[in-house]
Structure formats: C-alpha cells, structure tokens
Amino acid sequence: IVLSGTYKPRIRCFDTYQLSQKFERCLDSEVVTFEILSDDYSKIVFLQCDRFVEFHSQHGHYYRTRIPRFGRDFCYHYPSCDLYFVGASSEVYRLNLEQGRFLNSLQTDASESNVCDINPVHFLFAMGTAEGKVECWDPRTRNRVGLLDCALSSVTADTEIEGLPSVSALKFDGALNMAVGTSTGQVLLYDLRSSNPLIVKDHHYGLPIKSIQFQHQLDLIISADSLIIKMWNKDTGKIFTSMEPEYDINDVCLYPNSGMLMTANEAPKMNIYYIPVLGPAPKWCSFLDNLTEELEENPESTVYDDYKFVTRKDLENLGLAHLIGSSLLRAYMHGFFMDIRLYHKAKMMANPFAYEEYRREKIRQKIEETRAQRVQLKKLPKVNKELALKLIEEEEEQQVTRKRKQKNLPSLLKDDRFKVMFENPDFQVDEQSEEFRLLNPLVSKISEKRKRKLKILEELEAQNQEEEEEPEGKASDAESSESSDDEKGWVEEVRKQRKLLRQEEKVKRQERFKEDQQTLLKPQFFEIKEGEEFRSFKDSAKKQKLMKKTLGDRLKLEEKLGTLNVSDTTVGSKQATFKLKKTEQQKKQQEAEKQHRQERKTLRRSASHLKSKRGRGRLF
C-alpha cells in the first residue's frame, strides 16, 4: 500500500504481509497524483505540483523531468509505454518511457483538462475537460473518436446548479461502461454506445466528486466527495449504504476482491473500513472475519422489563413454591423470573400491611431530611468564631453543589498553616474598623444572623437537650425568613452603614477642631541661605504655580522671556538653545566685573590722551 502526504511532502510504503511500514521517502514538492507501473514498488511515477514528473525505483529517486504546463492527472498506456499528461493546457503531453523522450502532443478543443483514464480492455483514452465534456481518443491513430457533453446531461429537474459543471472524476468499468463525476456533485453512468447517461446520481452536497470505484460482487458504484462516501446500485441507483468520515476525503481505494475500503483524508492517519457484505477480508488480515463473526453471533435478546426476579426463598415467603417448574416461572441463574403483575398480587395477599410499612418508611425519610436542615452542634474555636461559622457554612454548600469527580478541597479550619488565626487573640477580626465596614457593607446583617446562630449553639450546649424534643424545621424556617428579610432590606442596610460612617467622620472632625482651638500657635523661623535676599512670599508662590504647569507651557513661557530658543533643523529634528538662570550672588559678581571693565576703559582713554599731548610739545 503506497500513499502520499503533505507537510512535509513525503511518500510511505506499507508491507501488508508484515503489517508494518517498509520505507518512507521525502520529496521536494507536493504530489498531485501517482501510479505504480509494476507489480511491486520498483517502478512508481509521481506527478508533482511544480510541473515535475519524478520516477522512483527500488532504491529511491531515479529520474526527474518537467512538462510544459501544470499537470492535474496522468495515465499509463501499457501497449505503447506512453504516459499521457493532462492539465492547465489544451494539449495532452505524451512521454514515451521506452524511447525516453516526449512525443507529439494531442491537440484538443478544451481549454483545460482535469482527469483522464484508459480503458483496460480496448485501451481507449478518455479525458474530462473544464467545460464539462469527455473526449475519447484512439491511441493508435491519435485521433478523437467521440465527444460526450456531460454538463448538459447532469442537469435534471431536481438539480440546482450555479455554474457550469466540469468533469472532476472519470473511471472505466469493462469494455462499455464509464462513470463520470462532475464538480457539482453528480455521478453519470454511460454506455459508450450511447451519448445519453444510463443513470444520474446526485450527492446533494454540491461538492466535486473526488473518486469513483466499481464493486462487481454486488454491482455497486462507490462514489465519494470530500464529505461522504455513497454506495449505490448501478442499475437502479438505490442507496446501499453511506459513510461520513470525521475528516475531509481526498481519495478512496477499494482493496481488490474484498470488503476493505481505505480513504486518504485530511488527517495524519488514513481511515480503513471493513464491510463483510462487500466481500471477505484480505489474506493478510483474515482475523477480521473471526471478529465480525463473533459480533454477528447475537443471542436471542429477551427483555425483562415486565418481569420480577425472585429467589427460591422469596417464592416460599409468597407461598408460590408450588409454581416451580411451571410456565409461570422462568429459571435464571440462582432464581426465577416471574410476571410483575403476578408478583404484586401475590405480595398483596401474603402481606396486606405492606402499604403501611411503605408509608412509615417514607415518613421516616422525610423526618431525616428535615433533621439535616436543623442547626447541629458544632465545636467552634475561641478566636474568630463568626469567621469559623462562615467557613463551615461555605463548606457545607460546596459539598451539596460539588460534583463527584471533583477533588475535596482542604478546609482552613483543618489546615495547620492557618491554625494560629483561630487560637491567637491578636488575629481577631476587628469588625468596627472603617476598612472592614466599607469592604463589607452588609456584614452587620450577616453578623447578626451568625450571632443568633452562635447564641443558639451556646444554648444547645448549655441545655444539652435531645434532638427528638426539638420542634422539627424551626431553624430552617427561621433561616428562610431571615434570608427573605436580607433580600428585602439590603438597600436600607447599605444606607444605614453609610449614614453611620458619615456621623462618625463628623464627630471626629469636631473633636479635631476643638483640639486645634485649644492648641497655641507658635511663630516659626526660617533661615535664608547666604548670598540670597528675602523679597516676599510671592516668589515662592510663583515658583509653586510654575512647577504645576506642564513642560510645554513652561517652554512657551521661557520662549517669551527670551531664555529659550527652539528651531527646526534640516534633518527634521528640533534644536533648543537656552540660558541658565543666575542667582543673586552671580548677578552681583557680574555687575562688579562690568564696573571694573568700565573703569579700566576710562583709564586707558585718559592715558592715551596724555601721550598725545606730550608728543605735540616735542615737535614744536
């Protein structure tokens, strides 16, 4: 068995006698179709999606050549050793394997061809075109001998098509029969002596037919599209059976002279079906026949819905031991089956007070159910009693709603890591704190309910009364009434908590105000750094106001004052030049330097003036 797959492109060969994989070979591109030319795996031809035709022998890759256009299908003509390739062209390319060269192509009237096949009896070559026609050629004379318009014949009164049906599958059966599959999901069975189809079978999915096989034992045609495989009688068109695999189908292969069917699909594993009605299992898996025979050996099914199973002891209690051996009792294992109506009549006669026993049992069950709803004695810790009671209630609710398969989660009360929280008073929850009340606005109502429960528990521990003396269902009724009160007044409780918080905050503010009035304000002194002068408090206010502004606003203000200059460069970025702000000490030093420069300037001028006067006196 040889199969090809994708990602990565590869082929695998399986040896059926060893029930194992023989070899695996990887290819350069995806395989469109392939054919085995010999009796074994020594000669295989692969047509690939990149126009290459690859030949393999026993050892592996042997030769590789290329065809002018993309190929879609090919077939092998045994008498002349010619390979006929059809594809995205109006020509049919011929490659002779004996001479090792391409021969003259067959020129057809079609724009493109999808499939081709050669009749195994008289070697007539047929090809299906994209226009929905089948052209038949004689390889000996290389002339067209017939033309069938399948697109026109596939349209019947019941079919609804949106486009022109093209031929997607083609298969010969014997010398005269030919089956054609269309891209719209119809299968047409032809007799080569007639241009009209014998029968038209529609898959009703509107998908192209991928494969057509003939089953001669039962005169069936096996046609498949990407969703379904249908088996139907080729004479009447009656459906024999159909199969819908989980994954899309690419090809179907029927093992010769057997009931085994294999499919190549969009999955890592190919599907294999065995239908005993179609034929026996192949020799290499004959154990399938034994399995199917065991499955078919179904014993006579007997339904015991209207029967009651009773033992010999039950019959003696009912007084029916004399019926053993009669047709009213059917022996089975260690007892007997008897009619359910007879059993009820005999039981009523033997035990007339059975209804009273049944009634008492039901009453007892109801009492047990109500007892389970009552408050039971629980041992609570000394610290955080309300928190412990809350955890116990949540654990009981989870036990009711938890599924069987889910694991039991550990309880905080039994966990050693949280043991100190219920023993050390430092871990006591302060319910009067503001944070606790804000996070839990309804905690007061819930805590009141839990306090009532705690009080009931303490009373029960003190009184130590028996359960039977307590009125049944009292705790559950109180709890249901309390829950209904919670549902009605939860809005009022939230408002009440908020009002209490506001009042407490107001009292705190008044206390702080009184404390502020009682305290005396003392003057504060600040030290000025050396070299700086105190002007006013307005400067600090201006600085604070300036620091609150964004960086963009501060840059605009600096540009107005002239201490910053922003300009665009040729590259597209921005260039900023700025002047540092000077302190008072730096300003004084700068003024002193400026005054010093002016004094030196005046001295130079006076000196130059004196020199000019002396020179004039010497000349005269």
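The name given to the protein chain in an unreviewed UniProt entry is Nucleolar protein 10, with Balearica regulorum gibbericeps as the source organism. Within the UniProt record for the protein chain, the comment given under Sequence similarities (unreviewed entry) is "Belongs to the WD repeat NOL10/ENP2 family." Taken verbatim from the UniProt record of the protein chain, the Subcellular location (unreviewed entry) comment is "Nucleus, Nucleolus".

1. Topic: the overall build of the protein chain
Counting its regular elements, the protein chain contains 12 helices and 31 strands. Taking contacts inside the protein chain between residues at least 6 apart in sequence as the whole, the part at least 24 apart equals 40%. Accessible surface, the protein chain: about 44,600 Å² in total, of which carbon and sulfur atoms supply 51%.

2. Notes on the pairing of strand S21 (residues 220-224)
Among the five residues in S21, five count as buried, and that is most of the element. Neither face of S21 is exposed, since Leu220, Ile222 and Ala224 on one face and Ile221 and Ser223 on the opposite face are all buried. Hairpin connection, strand S20 (residues 211-215) to S21: the antiparallel pair is bridged by four residues, and aspartate 219 has positive phi, about 55°. Two strands pair when backbone bridges link them, and S21 and strand S22 (residues 229-233) are joined in this way by five bridges, in the antiparallel orientation. From the neighbouring strand, leucine 220 faces S22, where its bridge partner is asparagine 233. Where S21 folds back on S22, the antiparallel hairpin that results is connected by four residues.

3. Overview of the nonpolar core
Ranked by size, the top nonpolar core spans 14 residues in total, and within it Ala126, Val134, Met178, Val180 and Tyr190 carry the most contacts. Mapped by element, the contributors of at least two residues to this core are strand S14 (133-138), strand S16 (167-173), strand S17 (177-182) and strand S18 (186-191). Excluding residues within four positions of it along the chain, alanine 126 makes contact with Val115, Cys116, Asp117, Val134, Glu135, Cys136, Leu170, Phe172 and Met178.

4. Topic: the sheet that holds strand S5 (residues 44-48)
What holds strands together in a sheet is hydrogen bonding between their backbones, with the strands either parallel or antiparallel. Ordered in space as S4-S5-S6-S7, the four strands form an open sheet in which the pairing is antiparallel. Strand pairing shows two members of the sheet lacking a second neighbour, strand S4 (31-36) and strand S7 (61-66), which therefore form its edges. For this sheet, the mean angle separating the axes of adjacent strands, direction not counted, is 20°. Bridge analysis of S4 against S5 gives five bridges, and the strand direction is antiparallel.

5. Let's talk about the packing of aromatic side chains
Evaluation of the coordinates by the stated rule reveals nine aromatic pairs. Note on phenylalanine 55 and tyrosine 63: the rings are 6.4 Å apart at their centroids and 40° apart in plane angle, and the pair reads as tilted. Taking relative accessible area as the criterion, phenylalanine 55 reaches 11% and is therefore assigned buried. Measuring from ring centre to ring centre gives 5.7 Å for tyrosine 255 and tryptophan 284, while their planes differ by 65°; the resulting arrangement is edge-to-face.

6. Regarding a nonpolar patch on the surface
Nonpolar side chains collect at one region of the surface, where Leu19, Phe287 and Leu291 lie side by side and expose about 300 Å² of accessible area between them. Considering the arrangement of structural elements, one finds leucine 19 in the loop between strand S2 (10-15) and strand S3 (20-26).

7. Brief notes about the pattern of salt bridges
In this structure the tally under the stated criterion is 16 salt bridges. When the shortest N-O distance is used, the salt bridge between aspartate 50 and arginine 64 registers 3.5 Å. Taken together, the residues span a long stretch of sequence, with aspartate 50 in the loop between S5 and strand S6 (52-56) and arginine 64 in strand S7 at a distance of 14 residues. We classify aspartate 50 as partly exposed; its relative accessible area is 21%. The class for arginine 64 is partly exposed, based on a relative accessible area of 26%. Salt-bridge contacts for lysine 234 lead to aspartate 173; the nearest nitrogen and oxygen are separated by 3.5 Å. Residue lysine 234 is located in the loop between S22 and strand S23 (239-243), and its partner aspartate 173 is located in strand S16; the two are separated by 61 residues in the primary sequence. With a relative accessible area of 17%, lysine 234 lands in the buried category.

8. What to know about a positive patch on the surface
On the surface, Lys545, Lys549, Lys556 and Lys560 cluster together to form a positively charged patch. A relative accessible area of 55% places lysine 556 in the exposed class.

9. Description of the environment of lysine 43
Mapping lysine 43 onto the fold places it in the loop between S4 and S5. Spatially, the C-alpha atoms of lysine 43 and phenylalanine 55 are 7.2 Å apart, while their sequence positions differ by 12 residues. Apart from the residues within four sequence positions on either side, lysine 43 is in contact with Glu35, Ile36, Leu37, Ser38 and His56.

10. Here's the deal with the sheet that holds strand S11 (residues 101-107)
On the basis of which strands lie adjacent, the open sheet formed by four strands has the order S8-S9-S10-S11 and antiparallel pairing. Every interior strand has two partners, whereas the edge strands, strand S8 (71-77) and S11, have only one. Between one strand axis and the next, the sheet turns through 25° on average, direction left out of account. Pairing analysis gives five bridges linking strand S10 (residues 91-96) to S11, with the strands arranged antiparallel. Across the sheet, residue arginine 94 finds its bridge partner in S11, namely leucine 103.

11. Some remarks on the confidence of the model for the protein chain
For the protein chain, mean pLDDT is 81; residues scoring 70 or higher make up 77% of the total. Of the regions scoring below 50 in pLDDT, residues 465-481 engages in 14 contacts with residues more than four places distant in sequence or in other chains.

12. So, the side chain of aspartate 138
Within the fold, aspartate 138 resides in strand S14. Here aspartate 138 falls in the buried class, since its relative accessible area comes to 13%. Once you skip the residues sitting within four places of it in the chain, aspartate 138 turns out to touch Leu124, Asn143 and Val145.

13. Points about the environment of histidine 203
Within the fold, histidine 203 resides in the loop between strand S19 (199-202) and S20. Along the chain, histidine 203 and aspartate 225 lie 22 residues apart, while their C-alpha atoms are 8.1 Å from each other. Not counting residues within four places of it along the chain, the set of residues in contact with histidine 203 comprises Gly185, Val187, Ile209, Ser223, Ala224, Asp225, Ile228 and Lys230. Within the structure, histidine 203 has its side chain in polar contact with the side chain of serine 223 (distance 2.7 Å).

14. Focus: the side chain of lysine 201
With respect to the secondary-structure elements, lysine 201 resides in strand S19. The side chain of lysine 201 sits in the buried core without any salt bridge; aspartate 202 is the nearest counter-charge, 9.1 Å away. A distance of 2.9 Å separates the side chain of lysine 201 from the backbone oxygen of glycine 237, its partner in a polar contact. With near-sequence residues (within four places) excluded, lysine 201 lies in contact with Gly185, Gln186, Val187, Trp232, Gly237 and Ile239.

15. Details of the environment of leucine 164
Checked against the element boundaries, leucine 164 lands in the loop between helix H1 (150-154) and S16. A C-alpha to C-alpha distance of 8.5 Å links leucine 164 and threonine 184, two positions 20 residues apart in sequence. Setting aside residues up to four positions removed in sequence, leucine 164 forms contacts with Ala130, Glu131, Ala151 and Ser183.

Calculation criteria
- Residues numbered from 1 in each chain as written.
- Predicted model: local features only at pLDDT ≥ 70, side-chain atom pairs only at ≥ 80, totals over all residues.
- Heavy atoms only, no water.
- UniProt positions renumbered as here; feature names shortened; annotations may be inferred.
- Helix = DSSP H or I, 4+ residues; strand = E, 2+ residues; numbered from the N terminus.
- Contact = heavy atoms within 4.5 Å.
- Areas by Shrake-Rupley, 256 points an atom, 1.4 Å probe, with all protein chains shown as cover.
- Buried < 20%, exposed > 50% of the residue type's maximum accessible area, 1.4 Å probe, protein only.
- Pairing = 2+ DSSP bridges.
- Core = buried A, V, L, I, M, F, W, Y, C linked by side-chain atoms within 4.5 Å.
- Axes fitted to C-alpha atoms, helices over the stretch in contact; angles between N-to-C directions.
- Phe/Tyr/Trp six-rings, centres within 6.5 Å; stacked < 30°, edge-to-face > 60°.
- Patch = residues over 30% accessible without salt bridge, like charges linked within 9 Å, V, L, I, M, F, W, Y side chains within 5 Å.
- Salt bridge = Lys/Arg side-chain N within 4 Å of Asp/Glu carboxyl O.
- Lys, Arg positive; Asp, Glu negative; His and termini not counted.
- Charge placed at Lys NZ, Arg CZ, Asp CG, Glu CD.
- pLDDT = per-residue confidence, 0-100.
- Polar contact = N/O pair within 3.5 Å; in protein donor to acceptor, adjacent residues only side chain to side chain.

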